[in-house]
Amino acid sequence: MYVVMNELKVPDEAKDMMKQRFGKSAESMKNVEGCLEFMFLEQSAENGKLIVFTKWENEEAYQKWLHSESFKNAHKEKRDSKEKSPASGNELSEFTVVYHT
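Residues numbered from 1 in each chain as written. Predicted model: local features only at pLDDT ≥ 70, side-chain atom pairs only at ≥ 80, totals over all residues. Heavy atoms only, no water.

1. Section: the overall build of the protein
Applicable threshold: Secondary structure follows DSSP: runs of H or I at least 4 residues long count as helices, runs of E at least 2 residues long count as strands, and numbering of each begins at the N terminus. Here the globule rule is a power law, 2.2 Å times the number of residues to the power 0.38, and the radius of gyration is based on C-alpha atoms. Accessible area is worked out with a 1.4 Å probe on protein chains only. A residue is then buried under 20% of its type maximum, exposed over 50%, and partly exposed in between. Contacts are assigned to residue pairs that have any heavy atoms within 4.5 Å of one another. Only the protein chains shown count as covering a residue, and every accessible area follows the Shrake-Rupley method with a 1.4 Å probe.
Scanning the protein from N- to C-terminus turns up 4 helices and 4 strands. Over its C-alpha trace the protein gives a radius of gyration of 14 Å, about what one expects of a compact globule, namely 13 Å for 101 residues. Over its C-alpha atoms, taken along the principal directions, the protein stretches across nearly 35 × 30 × 20 Å. Counting every position in the protein, which comprises 101 residues, the buried fraction comes to 32%. Within the protein, contacts between residues separated by at least 24 positions form 69% of all contacts whose residues are at least 6 apart in sequence. Accessible surface, the protein as shown: approximately 7,100 Å² in total, 51% of it carbon and sulfur.

2. A closer look at the sheet that holds strand β4 (residues 89-96)
The strands making up a sheet are joined through hydrogen bonds of the backbone, oriented either antiparallel or parallel. Quick reminder of the rule: Whether two strands pair depends on DSSP finding at least two bridges between them. Note on geometry: axes are C-alpha line fits, over the in-contact stretch for helices, and angles between N-to-C directions span 0 to 180 degrees.
Overall, antiparallel pairing links the 4 strands, which are arranged β2-β3-β1-β4 in an open sheet. Every other strand in the sheet has two partners, leaving β2 (35-42) and β4 as the edge strands with one partner each. For this sheet, the mean inter-axis angle between neighbouring strands, taken without regard to orientation, is 15°. Strand direction decides the pairing type here: β2 and strand β3 (residues 50-56), joined by 7 bridges, are antiparallel. When the bridges of β3 are listed, Leu 41 appears paired with Ile 51. Across the sheet, helix α1 (residues 15-29) touches β1 (2-9), β2 and β3, and the angle it forms with β2 is around 165°.

3. Examining the side chain of Lys 55
Mapped onto the elements of the fold, Lys 55 is located in strand β3. In this structure Lys 55 touches Met 1, Tyr 2, Val 3, Gly 34, Cys 35, Leu 36, Glu 37 and His 100, once residues within four positions along its chain are discounted.

4. Regarding the pattern of salt bridges
Here is the rule: Salt bridge, as used here: a side-chain nitrogen of Lys or Arg that lies within 4 Å of a carboxyl oxygen of Asp or Glu.
Counting across every chain of the model gives 10 salt bridges. For Glu 69, the salt bridge goes to Lys 72, with nearest N and O atoms at 3.5 Å. Placement of the pair is Glu 69 and Lys 72 together in helix α3 (residues 69-74), with a separation of 3 residues, close to one helical turn. A network of salt bridges, in which partner residues are shared, links Glu 7, Lys 9, Lys 49 and Glu 91.

5. Thoughts on the environment of Leu 36
Mapping Leu 36 onto the fold places it in strand β2. Note on Leu 36: relative accessible area 45%, which makes it partly exposed. If we ignore the near neighbours within four places in the chain, the residues touching Leu 36 are Met 1, Lys 55, Trp 56 and Glu 57.

6. Quick look at the packing of aromatic side chains
Put simply, the rule reads: We call Phe, Tyr and Trp rings a pair once their centres come within 6.5 Å, taking the six-membered ring for Trp, and we label the pair stacked below 30 degrees between planes, edge-to-face above 60, and tilted otherwise.
Inspection of every chain in the model, using the stated rule, returns 6 aromatic pairs. Residues Trp 65 and Phe 71 carry aromatic rings whose centres are separated by 4.8 Å and whose planes lie at 90° to one another, so their mutual orientation is edge-to-face. Under the relative-accessibility criterion, Trp 65 is labelled buried at 11%. Here the aromatic residues Tyr 2, Trp 56, Tyr 62, Trp 65 and Phe 71 are joined through ring pairs into a cluster of three or more.

Dropping the structure here:
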């Protein structure tokens with residue numbers, strides 16, 4: 001199993017917009033081959049983090065999605081939009097799951 005966490009740097013005033021954008025993606029991730037779980041997390045603390053958490057069958061499934069039409073389509077709105085993304089950056093972390101119950 002493989003886990004990817006993408007921590008988004010988003011100012012508080014733009015978090016609702018970001019949540020809406022990812023809300024559109026959440027449903028389509030159910031159809032991505034090899035994706036076991038998709039979660040969009042919001043930390044409850046003031047200035048809390050937004051994290052996209054995905055769980056994959058293996059790293060190969062994740063890499064396949066990264067290079068797929070599905071990935072391109074999921075990010076098309078951002079590319080086509082004249083609006084600047086509310087995120088000022090991100091930090092991507094990838095993990096091989098050693099133990100899972």
